[in-house]
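Report on the structure
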Amino acid sequence: MAIDVIGLTAERAAAMLRGGECTAEELAQAYLDRIAAVDGEIHSYLHVDAERTRADARAQDAAGGDPLAGVPIAYKDLLSTRGVPTTAGSRILEGFVPIEDADVVRWGNEAGLVSLGKTNLDEFAMGSSTEHSAYGPTRNPWDPARVPGGSSGGSAAVVAAGCAPWALGTDTGGSIRQPAAFCGLVGLMPTYGSVSRFGVVAFACSLEQVGPMALTVRDAALLQQVIARDTDRDATCTGPRAPIEVPEPGRLDGVTFGVPRAELEEGVEEGVRARFDESLRIAEALGARLVDVELPHARHGLAAYYVIAPAEASANLSRFDGVRYGLRVDAPDVRAMYEATRDAGFGAEVKRRIMIGTYALSAGYHDAYYVQAQRVRTLIRRDFDAAFGDVDAILLPTAPTVAFPIGARLDDPLAMYANDIFTLPVNLAGIPALSVPNGLSEGLPTGLQIIGPAHSENLLLRLGAAFEAEHGFDPVPPAMRRAS
Amino acid sequence: MSGAWQRDGYEAVIGLEIHVQLATASKMFCGCPNRYGDEPNTNVCMVCLAHPGALPVANAEAVRQSARVGLALGCRIPDASEFSRKQYFYPDSPKAYQISQYDQPLCAEGSFHVPGEGAFTVRITRAHLEEDAAKMIHAGGDAGRIQGSAGSVVDFNRAGTPLLEIVTEPDIRSPEQARRFLTLLRATVVAIGASDCDMEKGSLRADANVSIRPIGSEEYGTKTELKNMNSFRFLERGIEAELERQLALVRAGEAVRQETLHFDPATGGLTSLRSKEEAHDYRYFPEPDLLPVTQDQDGLAALAGQLPELPVARFARLTGIGLPEATALLLATEPELAAYFDDLAARIGDPKVAANWVLGELQAHLNADGLTADASPVTPERLAGLVALVVDGTINQTSAKEVFQALVEDTAATAAAVVEERDLGQVGGADELGAIVDEVLAAHPEEVEAFRGGREQVIGFLVGQCMKASGGRADAKALQGLLRERLSA
C-alpha cells in the first residue's frame, strides 16, 4: 500500500495505525522513501539509519497499543540518542555516540514513537539559519534557495518536506519558533522548567527548552503531552503545572490580547506586517479584545541575550577539550592539544560566541556585561509580568522577515541576530510562546507568535487553534507537492 | 598569645584552606558510588565524565553533612546559598569548570576554639560545598608528579566527590598552632561522621596561606600559598620552612613575592608552582543548571541539637572530671579512643584509672597492631574485667600486663580465667609475704646494715629481691610496707 506522507499529520498517522490502515513498518518505510527522494536536495537529516528505524517500527507493530505507538518522529541532533551518533552540528562531536538518551527521547520511546533520524542545526544551536552547521546548510522546502531558519532548521524542514510527521527542536532565543514560521509550521517553546533538558547538548542552560514542531496545533499539543514531564535528572525541571490538553478550535470571546505596537515600528517587512495586521482583525472578528501594551525593556533583549547566552555557552562548551571523547588533534603538550582541537573542531560562529562569553565573564568586565545583562533580564521579565496583569496573551510576528536567501546574512552577524528580535525576550523571561502559520508573504510563510505567562501552554494552544482554523493554512509547500 | 612564632621582631600570620571529602554514599552531582580505592574509571557516568547533555543534581545528604560541619564550626548557615561555576582547563576537570560556591557559600562566619595550654581561637571565614577533581597520574614522573613524566592518565572515580572547603581567617600565629587547629578540626569532622579525614587517602587536604609582619603591625605582609601538605607533620614543617624563607628574604632586604609553593617533605625545600601573574581568572558565574540551596532555620536548629559530643565539649567534660589537660586533649581528638574511654570509665567508675589504661596498655597495643580502639579485640567490657582484678588486689601491675597480652591473643579468654589458668593471683596474705621478707632480709645482711646506716634507697633492691622470690606476684607496695616495718623494728 502506498502511503502519501506529504501533509500527513501525526494525529492522522496514529489513527491509521490504530485503525489498521497500515503498519508502523509500512508507515516508517513510506517516510524513509520520502527522505530518499527529497532529502538529497533539502539536506535536513544528518543521520538516518533505515535498518534501525524499520526494526523499531516492527517492535511497535508487535507491541502496539499505545495511542501514538508507531508514529515516526525526527529529533534535532542536539538531543542525545543512545547508540546513535549525536553531533550537535559540530565537527568536534563527529562520530560521538551518547551512552544515554535525552529524557525527551526516552519518553518518546516510551510512547512508542519511532525515530527516523537526527536533523540538521546550526552548530550547537548557535544561529538562525542552519547555515552554521558544520555539515552544510539545510534548504527551505518552500524555496530551496532560502534558509529554513534556525537553529532547529533541520527539524522544520523535515516536517515541511514530508520527511517526518513532526519533530522535536530546541529553542534558546527563537530556534523553534522562527524556523517554524519560516517553514509554515506550528512550533511551541514551552515554559522554562516544564520540559527536561537532560541529554540536550547545552548551549545556554538558563534559556533553552525542548519543544514540538508540527503541521498542526493539535499535533504540537500531542507531542508536548509526551515530553512535558517531571524528571529527577534536571534540577531546573518540575514538569507542566497542569496536564497538556489537545485543543479544539473555537471563538475568542472574552480573550484580551496585548499588542506591543512600539516594537513593530522598525525593521518589520511590509508583507510580514500586513499578515500580522490581518491576524489582529481575525482576533477581533472571533470576539477577542485588543489593547496596546508596552514592553519598555524588550528592545534591550537582544543585547542582554548576546551577553548571557554566550557567557553560559563559553562554559558549556569548555568540556569539548579532546580529552575524553570527540575530536582530538594531537600536539606536544596538553595546552597545545586543547588549542588545536578546539580550533579545528569549532566553527567561526561558535568561536565568536565563546570569545564574547569569555570576555563578558572576565575579571574587570564581569559586572559591566554579565551582571548588567542579568539586570536587564529581570526588567524584561517584569515588563511581561506587568503586561499579563492586563492581558491574557501578547501577539507579535514570530520573525520580522520571511525566510532569507542562503548566504544573505552570513557575513553580517548582527543582521542575523536581529532576526530573533521578537523571540529572544521570551526566552529571557522564561515564559512560553507558540508560533502558528500566519499566511504567506510573497509566496513564503510568516508566523504569528502568541506569548503567554508561565505555564499557560493550554491557553496558547487553544488560541493557536482558533487562528489556525480561521487561516486554513495549507502547510505543504507547493514545490514539495510537485516533487512527490 | 602563647605558642606564637616570633623571630627578629616578626610574627607569623597563617590562614588555612582545608578540603574535606564528605563520606556520602554517592557523588556530589550524580548517582555514582563515592568510593576510594576502586578500579580506575569504574565509578563514572555521563555526568561525572561531562558528556554533552549531562546535568548535575545536588546531593542532599552532602548539603546536610556540610551544614552539620558548619554548625560544629559555629558558622551561620544562610537561608539560601548558590552554586557557581569556577572555570579552568585541565584534564582533571572534565567540564573544564568546577561546580563550587562563590559569593553565597553554604556556611559563613564561624569561630573555632582550640583549648588547652596556650588556647586560641580561629575565625572561620566560610565553608562551601564543591566537587572534587579527577585524579591525574603522571606515568614515569618522580613519585607520580608531572616533572619528568612521559605521559599522564586520568582516573575519574574521584571526579565529583563531595568536597567541603573550609577557609579560616589569618588568625593562626605558628606552625604548631596550625597543626593543633587542624588536629582538632579533623577530630570534630570525624566525630560528626561527615568524613573519615584520612590525609593519606586525601580525604583531608590542607593548603596554608603564610606571611610574616613586624610584631604589633595591623597590616598583613605579602602571602604565599603552600599547597597540599599531606600530613600534620608536613603541614607544620612546611609552614616552618616557609616562615624561615620569608624571614631570610626580609632580612636580606628583599620582598616576598606572591606565589603558590609546593613543599617537598623529602628535601624540606619549597618550589614555586606559579606566580601571581600566572594566577587564573576563574570567571565565576552562578550555575544555571542548579537552583539555589535553601535552608530551613528550624530544621537547622534540630540538626544542631542532634550533633554528637564534639571534641571541644569533650575536652571540657574530661578536664571537669579531673583528667589532666594533656590527657583530656588526647582523648578529645581521638574519637574512637574517647568512646572507648567513656565506656571503660563508666564500667570501672574511675576516670583516672580508665585514662591510664586507655593511654597506656591499650594505646600501645593499638599502635603495635595498627588498630583503632573500636576494632580492638580487647573490648571495654573485657578490659574492665582485668582492671577490676587489679583494683581488688587479686593481681599486681606486672601480672596485669601479662593478662592484657593474653586478652589480645585469645579473644575468647576472660581476665579471671587467665589469672586462674596461669596462677597469677597475687601473693597477698601477710603470712606469706612475711615469710618472703624474712627470707630476703636473712640473705642480705649487708644491705640491711646499709639501710639502717641511712642509705634508704637500698629498699628498692630489697623489694626487687622479694618480688623475685614471689615469682612476680606480690604487691610491691605491701612488700615495701612490710620491709620498712621489719627494718625499723
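Residues numbered from 1 in each chain as written. Chains lettered and ligands numbered in written order. Predicted model: local features only at pLDDT ≥ 70, side-chain atom pairs only at ≥ 80, totals over all residues. Heavy atoms only, no water.

1. What about empty space enclosed by the protein?
A complete count under the given rule lists three cavities of 30 Å³ or more for this structure. Considered as a void within the structure, the largest cavity measures approximately 180 Å³ in volume. B:Val47, B:Pro94, B:Lys95, B:Tyr97 and B:Glu131 are the residues nearest the centre of the largest cavity, which is lined by 22 residues in total. Of the residues forming the lining of the largest cavity, the biggest block, three residues, is contributed by strand E5 (residues 97–100) of chain B. Grouping the amino acids of the lining of the largest cavity by side-chain chemistry returns 13 nonpolar, three polar and six charged. Forming the boundary of the second largest cavity are A:Val201, A:Ala202, A:Asn316, A:Arg319, A:Phe320, B:Pro52, B:Gly53, B:Ala54, B:Leu55, B:Arg85, B:Tyr97 and B:Asp289. Of the residues contributing to the lining of the second largest cavity, the split by class is seven nonpolar, two polar and three charged. (1 Å grid on protein atoms, 1.4 Å probe; cavity = no way out; pocket = protein on both sides within 12 Å on 5 of 7 lines; lining within 4 Å. Points joined across faces, edges and corners; volume = space filled by probe spheres on them. Helix = DSSP H or I, 4+ residues; strand = E, 2+ residues; numbered from the N terminus. Nonpolar A, V, L, I, M, F, W, Y, C, P; charged D, E, K, R; others polar.)

2. Considering the interface of chain B and chain A
With 30 residues of chain B at the interface, the matching set in chain A holds 41 residues. Between chain B and chain A, a total of about 2800 Å² is buried, with carbon and sulfur atoms accounting for 63% of that surface. Counting across the interface, chain B meets chain A through one salt bridge. With a shortest N-O distance of 3.0 Å, A:Arg197 and B:Asp289 are connected by a salt bridge. (Contact = heavy atoms within 4.5 Å. Buried area = accessible area lost by both parts, 1.4 Å probe. Salt bridge = Lys/Arg side-chain N within 4 Å of Asp/Glu carboxyl O.)

3. Some points on the nonpolar core
Residue and element names in this part refer to chain A. Ranked by internal contacts, the top residues of the largest apolar core, which has 153 residues, are Phe-124, Trp-166, Phe-257, Phe-384, Ile-450 and Phe-467. Broken down by element, this core gets its largest block of residues, nine residues, from helix H2 (residues 24–42). Apart from the residues within four sequence positions on either side, Phe-384 is in contact with Leu-295, Ile-394, Pro-425, Val-426, Ala-429, Ile-431 and Ile-451. (Core = buried A, V, L, I, M, F, W, Y, C linked by side-chain atoms within 4.5 Å. Buried < 20%, exposed > 50% of the residue type's maximum accessible area, 1.4 Å probe, protein only.)

4. Some thoughts on the domain arrangement of chain B
Each assigned domain of chain B is listed here: domain 1 (15–212 + 276–302), domain 2 (334–422) and domain 3 (430–487). Look at where the C-alpha atoms of domain 2 of chain B and domain 3 of chain B centre, and you get two points 30 Å apart. (Domains from an automatic or database assignment.)

5. Let's talk about the sheet that holds E5(B)
Residue and element names in this part refer to chain B. Reading across the sheet, the three strands line up as E5-E4-E15 and stay open at both edges, with antiparallel pairing between neighbours. Either end of the sheet is taken by a strand with one partner, and the two such strands are E5 and strand E15 (285–286). Where strand E4 (residues 84–87) lies against E5, four bridges are found, and the strand directions are antiparallel. Paired with Ser-84 across the strands is Ser-100, a residue of E5. (Pairing = 2+ DSSP bridges.)

6. Things to note about the sheet that holds strand E6 (residues 209–214) of chain A
Residues and elements named next belong to chain A. In space, the 11 strands of this open sheet follow the order E1-E3-E2-E4-E6-E5-E10-E11-E9-E7-E8, with mixed pairing throughout. Of all the strands in the sheet, the pair left with one neighbour each is strand E1 (45–47) and strand E8 (289–292). Within this sheet the neighbouring strands show an average axis-to-axis angle of 35°, counted without direction. Bridging between strand E2 (residues 72–76) and strand E4 (residues 166–171) involves two bridges; their strand directions are parallel. By the bridge assignment for E4, Tyr-75 is matched with Leu-168. (Axes fitted to C-alpha atoms, helices over the stretch in contact; angles between N-to-C directions.)

7. What to know about the pairing of strand E11 (residues 444–451) of chain A
Consecutive side chains along a regular strand alternate between the two faces of the sheet. All names here are of chain A. Among the eight residues of E11, eight are classified as buried, and the element is accordingly described as predominantly covered. Here E11 shows a buried face lined by Leu-444, Thr-446, Leu-448 and Ile-450 and a second buried face lined by Pro-445, Gly-447, Gln-449 and Ile-451. Pairing of strand E10 (residues 433–441) with E11 involves seven bridges; the strand directions are antiparallel. Within the sheet, the bridge partner assigned to Ser-435 lies in E11 and is Gln-449. Taken together, E10 and the strand that follows it, E11, pair antiparallel across an intervening segment of two residues, in which Glu-442 is found at a positive phi of about 50°.

8. Describing the pattern of salt bridges
Residues and elements named next belong to chain A. Summed over the entire model, instances satisfying the criterion amount to 52 salt bridges over all chains. In this structure, the salt-bridge partner of Arg-177 is Asp-171, at a minimum N-O distance of 2.8 Å. Across the pair, exposure class does not vary: Arg-177 and Asp-171 are buried alike. Across the salt bridge formed by Glu-263 and Arg-299, the nearest N and O atoms sit 3.6 Å from each other. Of this pair, Glu-263 sits in the loop between strand E7 (256–259) and helix H8 (270–285) while Arg-299 sits in the loop between E8 and helix H9 (301–316), and the two are 36 residues apart along the sequence.

9. Some words on the layout of surface pockets
The space that makes up the second largest pocket amounts to roughly 880 Å³. Looking at the lining of the second largest pocket, the elements that each hand over two or more residues are helix H12 (367–387) and helix H14 (424–429) of chain A together with E15 of chain B. Among the elements that make up the lining of the second largest pocket, the one with the highest residue count is H12(A) (seven residues).

10. Digging into a negative patch on the surface
All names here are of chain B. A cluster of acidic residues, Glu-409, Asp-410, Glu-420 and Glu-421, forms a negative patch on the protein surface. Here Glu-420 is to be found in helix H11 (residues 415–422). With a relative accessible area of 65%, Glu-420 lands in the exposed category. (Patch = residues over 30% accessible without salt bridge, like charges linked within 9 Å, V, L, I, M, F, W, Y side chains within 5 Å. Areas by Shrake-Rupley, 256 points an atom, 1.4 Å probe, with all protein chains shown as cover. Lys, Arg positive; Asp, Glu negative; His and termini not counted. Charge placed at Lys NZ, Arg CZ, Asp CG, Glu CD.)

11. Details of the packing of aromatic side chains
Applying the stated criterion across every chain, the model contains 20 aromatic pairs over all chains. When the centroid spacing of 5.9 Å and the interplanar angle of 70° are considered together, the rings of A:Phe124 and A:Phe346 count as edge-to-face. Of this pair, A:Phe124 sits in the loop between strand E3 (114–119) and helix H5 (153–160) while A:Phe346 sits in the loop between helix H10 (334–345) and helix H11 (348–361), and the two are 222 residues apart along the sequence. Judged by relative accessible area, A:Phe124 falls into the buried class, the value being 0%. A residue is classified by how much of its surface remains accessible, and A:Phe346, at 6% relative accessible area, is buried. Through successive ring pairs, a cluster of aromatic residues spans A:Phe96, A:Phe124, A:Phe320, A:Tyr325 and A:Phe346. The lysine or arginine in question, A:Arg409, covers the ring of A:Phe404, its NZ or CZ lying 4.6 Å from the ring centre. Between the NZ or CZ atom of B:Lys86 and the centre of the ring of B:Tyr282, over which it lies, the distance is 4.4 Å. (Phe/Tyr/Trp six-rings, centres within 6.5 Å; stacked < 30°, edge-to-face > 60°. Lys NZ or Arg CZ within 6 Å of the ring centre and 35° of its normal.)

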